[in-house]
Amino acid sequence: MNLSRVTSAAICLAAFVLHAAPTLAQTNLLPLPSKAEWNTGRFKIEGKFGVAFHGARDPRITAAITRWRLSQAAIGLGVGPNRRDKNRSLDIDCYAAVRGQTQSVKDDESYTLSVDEHNVYLEAPGPLGIVRGLETVRQLTQVENGQFYLPTVEIHDKPRFAWRGLMIDVSRHWMPVETIERTLDKMASVKLNVFHWHLSDDQGFRVESKVFPKLTQMGSEGKFYTQQQIKAIVAYARDRGIRVVPEFDIPGHTTALLTAYPELASAPGPYSIAHNWGIHTATLDPTNERVYAFLDKFFGEMARLFPDQYVHIGGDEVNGTQWSGNAKIQEFLKSHGLADNNALQAYFNGRVSDILKKHGKSMIGWDEILAPGLPPSTAVQSWRGKDALAAAAREGRFAILSHGYYLDNPISVSEMYANDPAAGPAATLSASEQALILGGEACMWTERVTPAALDARVWPRAAAVAERLWSPAAISDTDDLARRLKIWFPLRTETQAPYGGAAAAIPGTIQIEDYDRGGEGVSYHDFDGVNTGEGYREEEMVDVEPFDGGFDVGYTRPGQWLKYTVQVQNTGTYDLGVRVSSAEGGGSFHLEDETGQNLTGSMNVTVTGSWDIYTVVHASVKLRQGQRVLKLVEDTGGYNLDSMAFTAEK
């Protein structure tokens, strides 16, 4: 266990308990529970606060208690040993254990927490309820004038939806093990329970296969997870009550796979790993029996690494160019009575479903797989709209929602919070059909996200999704959510170091005025340049995150602007250097002063060929002595801004 990570989380808790208003303590929970009856008393935590455990034993409970002890100790609480005496202890009772059983979508996560002036009692019908309840106890812990306490309360809690997930793409940008574990820790803190791991795409194949070693030898550029690491992460997630659902994208998004095994492609190779984004033409050949032999062996190997019932096959954005250009494949369509490429993909999906079933797995895919002939046991993940979610349920399939939960898109906290899987087309379903909607997943595609930027892009919006999927539908107060997000994900404003570390450069400060924690801080403004203050709305969004020692600005639109403050020692002319990248299109921006005067004219960004390849755009700027609040305004899009600095001209 990484103690530094636990301590870091506990320090965040300490900051919360030291500054939270005691009168609001009862409502700072995230997500909010199903039912809570608050009282006015307090359970004072004095001496060493021990644990009295009763009932069924389970390794996940033991691990959760250990994490709770470490978090309490890190904020200065004395934590005593386990003991049978429940007086002045956290008394835990689990009715039944499911040791050795694979976690599933059917697991009971409910719990009851009772706190009065003398006792704290946590009970649950299963281990996952205890795991969830301990997170609630952790969040409830308060301090006032040096006295730790819990508010008196009776909580009866259970999730509204059984599938509450977060998808992380590790193919476009590699995420090391410690980043994945840190993400799992944060998921557990807000009661998310499915880690959807996007492990293969055009830009990399990230899992070691001992049956097909070339997948990582040729398809990963050395960045992949060993089987030992996979097993460790699956165990790490299980300890936190989180299922791990792997995704291996087929038949499209397979450039990395076909770099290693080009004989499985629909068009002759060779292939090489893609270093740009978008929809690529490389596609598996659904008419080639060697493809199914390969997948049978591969999924058989992966089934031993990933115990979850589900394996995600992707199935999205299949480019039919290779299929349409292959005479043999077109003849296969005719001889098998397949109307078009969509029907061919449905044929492929059916064959893959049979392979997964052979290995004890069920198939899930993005909503493009929803087509006539899809095996009834297949679950559908809706990303292009809610219609597919409802359509899948009407066909008797399990369905989950990701449309409106894409973290790489400029979607606001309030929009994500209002995005209910059961609303819209799903509201017209029968009760039995609505029961097939399992929940939803926030999705973090990483075309423009590095490990250093991941936290700022995922949180706190994923926490808003977590509450939407856990708490009752009637809990919908966006302002109160914003208040609680600020407690758990505090604001910060930091000085941004100039790119290159030029000694003569004037470092500036990008200022934060929202709770998105966009890296080094950001000011959100709308199209007319009026600062609307706090509130995270799509039309005002400027996305900023830490990147390579500076910051990274993306997903802006013309007219949006970033506030940048510098302290100018001497009036004079300065060189403004802005480090930018552009994979496609290029763009332009300009700098304005406090009065709206354009100081630079248009600063043009040419295409650099990749979001990871940078150039520096320069302009000469006259600045007056004193604190200057400047605005970097977008004129046309198509670039990422990495860092900026002013240097006195000689």
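Some thoughts on the pattern of salt bridges
Argument step 1. Applying the stated rule across the entire model yields 23 salt bridges.
Argument step 2. Between Glu37 and Lys35 there is a salt bridge, with its nearest N and O atoms 3.9 Å apart.
Argument step 3. The network of salt bridges with common partners includes Asp169, Arg172, Asp201 and Glu447.

Observations regarding the nonpolar core
Argument step 1. Core analysis: the biggest nonpolar cluster contains 128 residues, and Leu90, Trp197, Tyr225, Phe248, Phe299, Phe306 and Trp459 have the highest contact counts within it.
Argument step 2. It is helix 8 (residues 289-305) that contributes the most residues to this core, eight residues altogether.
Argument step 3. Discounting chain neighbours no more than four positions away, the residues touching Tyr225 are Val170, Trp174, Met175, Val177, Ile180, Trp197, Leu199, Arg206, Val207, Glu208, Ile230 and Ile233.
Argument step 4. The next biggest cluster of nonpolar side chains, apart from the first, holds 19 residues, and it includes Leu591, Met603, Val605 and Phe646.

Looking at the packing of helix 4 (residues 177-189) against helix 6 (residues 227-239)
Argument step 1. One way to put it is that helix 4 packs onto helix 6 with a least axis distance of 10 Å and a crossing angle of 15 degrees. Considered as vectors, helix 4 and helix 6 are oriented roughly parallel to each other. The chirality of how helix 4 crosses helix 6 is right-handed. Touching Val177, Ile180, Glu181, Leu184 and Asp185 of helix 4 are Gln229, Ile233, Tyr236 and Ala237, all from helix 6.

Remarks on the layout of surface pockets
Argument step 1. Of the volumes computed, that of the second largest pocket is approximately 440 Å³.
Argument step 2. Residue lining of the second largest pocket: 21 residues in total, with Arg172, Glu317, Asp408, Trp445 and Glu447 positioned closest to the centre.
Argument step 3. A breakdown of the residues in the lining of the second largest pocket according to their chemical character gives eight nonpolar, four polar and nine charged.

Observations concerning unusual backbone geometry
Argument step 1. In the segment running from Leu30 into Pro31, the intervening peptide bond is cis, with an omega of 0 degrees.
Argument step 2. Residue placement: Pro31 occurs in the loop between helix 1 (3-19) and strand 1 (35-44).
Argument step 3. Residue Pro270 is bonded to the preceding Gly269 through a cis peptide linkage, with omega at 0 degrees.
Argument step 4. Among the structural elements, Pro270 can be located in the loop between helix 7 (255-260) and helix 8.
Argument step 5. Positive phi outside glycine occurs at Lys191, with the angle close to 65 degrees.
Argument step 6. Of the residues examined, Lys191 reaches a relative accessible area of 1% and is grouped as buried.
Argument step 7. At Glu221, a residue that is not glycine, the phi angle is positive and equals roughly 55 degrees.

Regarding the side chain of Asn341
Argument step 1. Of note, Asn341 is situated in helix 11 (residues 341-358).
Argument step 2. Given a relative accessible area of 18%, Asn341 falls into the buried group.
Argument step 3. When sequence neighbours within four positions are dropped, the list of residues in contact with Asn341 reads Gly320, Trp323, Ser324, Gln330 and Leu333.

What about the packing of aromatic side chains?
Argument step 1. Enumeration according to the criterion identifies 20 aromatic pairs in this entry.
Argument step 2. Note on Phe212 and Tyr261: the rings are 5.6 Å apart at their centroids and 85 degrees apart in plane angle, and the pair reads as edge-to-face. Note that Phe212 is positioned in the loop between strand 10 (204-205) and helix 5 (214-217) and Tyr261 in the loop between helix 7 and helix 8, a separation of 49 residues in sequence. Grouping residues by exposure puts Phe212 and Tyr261 together as buried.
Argument step 3. Relative to Tyr406, the ring of Trp383 has its centre 6.0 Å away and its plane inclined at 10 degrees; by these criteria the two rings are stacked. Linking Trp383 in the loop between strand 14 (379-382) and helix 12 (386-394) with Tyr406 in the loop between strand 15 (399-401) and helix 13 (413-418), this pair joins segments that are 23 residues apart in sequence.
Argument step 4. Exposure remark for Tyr406: the relative accessible area of 10% places this residue in the buried category.
Argument step 5. Every member of this aromatic cluster is reached through a ring pair, and the members are Trp174, Phe195, Trp197, Phe205, Phe212, Tyr225, Phe248, Tyr261, Phe294, Phe298, Phe299 and Phe306.
Argument step 6. Of note, Lys191 hangs over the ring of Trp470, and the distance from its end group to the ring centre comes to 5.8 Å.
Argument step 7. The residue whose ring lies beneath Arg243 is Trp163, and the NZ or CZ to ring-centre distance is 4.5 Å.

Rules used in this analysis
Residues numbered from 1 in each chain as written. Predicted model: local features only at pLDDT ≥ 70, side-chain atom pairs only at ≥ 80, totals over all residues. Heavy atoms only, no water. Salt bridge = Lys/Arg side-chain N within 4 Å of Asp/Glu carboxyl O. Core = buried A, V, L, I, M, F, W, Y, C linked by side-chain atoms within 4.5 Å. Buried < 20%, exposed > 50% of the residue type's maximum accessible area, 1.4 Å probe, protein only. Helix = DSSP H or I, 4+ residues; strand = E, 2+ residues; numbered from the N terminus. Contact = heavy atoms within 4.5 Å. Axes fitted to C-alpha atoms, helices over the stretch in contact; angles between N-to-C directions. Parallel < 35°, antiparallel > 145°, perpendicular 65-115°, else oblique. Left-handed = near helix turned anticlockwise from the far one by under 90°. 1 Å grid on protein atoms, 1.4 Å probe; cavity = no way out; pocket = protein on both sides within 12 Å on 5 of 7 lines; lining within 4 Å. Points joined across faces, edges and corners; volume = space filled by probe spheres on them. Nonpolar A, V, L, I, M, F, W, Y, C, P; charged D, E, K, R; others polar. Phe/Tyr/Trp six-rings, centres within 6.5 Å; stacked < 30°, edge-to-face > 60°. Lys NZ or Arg CZ within 6 Å of the ring centre and 35° of its normal.

Shape is all these values report; function is a separate question.
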